[in-house]
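The residues making up each chain are set out below.
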Amino acid sequence: MQGGIEIAGLPPVVIPVFISNLGCPHRCLFCDQRQFSPPVQPDEIPLFVERFIDGCASGRSRRRILGFFGGSFTGMEPRFLRDYLEVTRGLVDDGHIHAAKASTRPDMVTEEVIDLLWRSGFEELEIGVQSMDDAVLAASARGHTSDDSVRACTLVRTSGMRLGIQLMPGLPGEGIPSFRRTVDEVLRLRPHTARIYPTVVLEGTALENLHRLGDYEPLTLEEAVDRALHAAIRLETQGCTILRMGLPQSPALKVASGPFHPCFGFLVRARAYRFMAARAISILGEGCRLVVNPRDVPELVGYRRGTARELNFSYSFNETIPRGTIRGDAAPESTCIQLQDILEYIL
């Protein structure tokens, strides 16, 4: 197979292989990965990769990355881990993929593990930080501390691999000050990528039992959107790429309570534009025209056009407007609002 290239406007193809709960030493309070997908076995991966690439637009021309998600990849028994690594190395050597990535727990990252991943073609490791508040981690039965997260992320960064982090706003015991501190500390770790998964109550989990007893109340959808937006703006301002916000939809997913929404990521982006639009209108007054990049029009008008109806503004688009920016025009005045300008209004 020919090597892939960067194509303008097209991201790399990430081929997701789910290893649900493999490598996890215990079940966290909130977790039931079995609701997402059964583990893909090592001998099933080559055919799965081929079929996935064939189903992607320009799949064989783009850069291709094999991603292991859903469990603690580096915590698997050595013989299982070896099987997955051998398959990955073979796919890289044969040119089917260019590299691989995986997610894991902070307390299952060592120099030896990172060396194994490097030699098997891995270029990125995502760390399930979830929170940097030790009280929140303990209440969620995570089994690791914030110090473990700092150590793991430091090892990944110093190795030359790309660092990804995962956050879970709304875990038991977390308030807004705790979440703000988590974001502060994560920024010091300088991740390349991030995923933000607000905590939802899944059926059959220990968190559901707490919820039924009245000992845990999940975030509302609006609260979850605001926390995700706060984190996303601060991370993106530092150059971190947000890969996903909100749990992926799955036919087997059984949500008992909490801020699950199939378009959660869009809600977050639309919330940002609502804040920016309201700010521009407060400066220029009603009747101003809002101008955005053409690709940002859906976020400006909002989910089911909710923002456009609520704020009652006119709008147009201009390709010269940077993404993530609103220009407000009300002759002879104009103003420009960016994501950083709304940060103080979110939480």
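Refer to the structure presented above.
These figures come from a predicted structure and were not determined experimentally. (Residues numbered from 1 in each chain as written. Predicted model: local features only at pLDDT ≥ 70, side-chain atom pairs only at ≥ 80, totals over all residues. Heavy atoms only, no water.)

Asker: I tried to follow empty space enclosed by the protein on my own but got confused; where do I start?
Answerer: Over the atoms rolls a probe the size of a water molecule, and its path tells where empty space is left. Under the defined criterion, the tally for this structure stands at 1 cavity of 30 Å³ or more. The volume enclosed by the largest cavity comes to roughly 30 Å³. Lining of the largest cavity is provided by Pro198, Val200, Gly246, Leu247, Pro259, Phe260, His261 and Phe264. Its residues placed into classes, the lining of the largest cavity shows 6 nonpolar, 2 polar and no charged. (1 Å grid on protein atoms, 1.4 Å probe; cavity = no way out; pocket = protein on both sides within 12 Å on 5 of 7 lines; lining within 4 Å. Points joined across faces, edges and corners; volume = space filled by probe spheres on them. Nonpolar A, V, L, I, M, F, W, Y, C, P; charged D, E, K, R; others polar.)

Asker: Help me understand the sheet that holds strand E5 (residues 162–167), please; the structure alone is not making it clear to me.
Answerer: In a beta sheet, neighbouring strands are held together by backbone hydrogen bonds and run either parallel or antiparallel to one another. The strand order across the open sheet built from 7 strands is E1-E2-E3-E4-E5-E6-E8, with neighbouring strands paired in parallel fashion. Each edge of the open sheet carries a strand with a single partner, namely strand E1 (13–18) and strand E8 (241–245). Going across the sheet, the axis of each strand differs from the next one's by a mean of 20 degrees, ignoring polarity. Bridge count for E1 against strand E2 (residues 64–69) is 6 bridges, and the pairing is parallel. Residue pairing across strands places Val13 opposite Arg64, the latter belonging to E2. (Pairing = 2+ DSSP bridges. Helix = DSSP H or I, 4+ residues; strand = E, 2+ residues; numbered from the N terminus. Axes fitted to C-alpha atoms, helices over the stretch in contact; angles between N-to-C directions.)

Asker: I'm lost on the packing of helix H6 (residues 176–189) against helix H8 (residues 221–237) in this one. Help?
Answerer: Running from amino to carboxyl end, H6 crosses H8 at an angle of 20 degrees, the nearest separation of the two axes being 10 Å. Judged by the angle between their axes, H6 and H8 are roughly parallel. Classified by chirality, the crossing of H8 by H6 is right-handed. Here Ile176, Phe179, Arg180, Val183, Asp184, Val186 and Leu187 of H6 come into contact with H8, specifically with Arg227, His230, Ala231, Arg234 and Leu235. (Parallel < 35°, antiparallel > 145°, perpendicular 65-115°, else oblique. Left-handed = near helix turned anticlockwise from the far one by under 90°. Contact = heavy atoms within 4.5 Å.)

Asker: Please clarify how the packing of aromatic side chains should be interpreted in this entry.
Answerer: The relative placement of two aromatic rings is captured by the distance of their centres and the angle of their planes. The tally for this structure, following the rule as stated, stands at 8 aromatic pairs. Their ring planes at 50 degrees and their centres at 6.3 Å tell us that Phe18 and Phe69 sit as a pair that is tilted. Here Phe69 lies in strand E2 and Phe18 lies in strand E1, a separation of 51 residues in the sequence. Using a relative accessible area of 10% as the deciding quantity, one classes Phe69 as buried. With a centroid separation of 5.5 Å and an interplanar angle of 35 degrees, the aromatic rings of Phe73 and Phe122 are classed as tilted. (Phe/Tyr/Trp six-rings, centres within 6.5 Å; stacked < 30°, edge-to-face > 60°. Buried < 20%, exposed > 50% of the residue type's maximum accessible area, 1.4 Å probe, protein only.)

Asker: When you look at the pairing of strand E10 (residues 289–292) in this model, what are you seeing that I'm missing?
Answerer: Taken together, the 4 bridges between E10 and strand E11 (residues 314–317) define a ladder with parallel strand orientation. Each bridged residue has a counterpart across the sheet, and for Val291 the counterpart in E11 is Ser316. In terms of strand pairing, E10 meets strand E12 (residues 325–330) through 3 bridges, oriented antiparallel. Each bridged residue has a counterpart across the sheet, and for Leu290 the counterpart in E12 is Gly328.

Treat this as a map of the structure, not an account of what it does.
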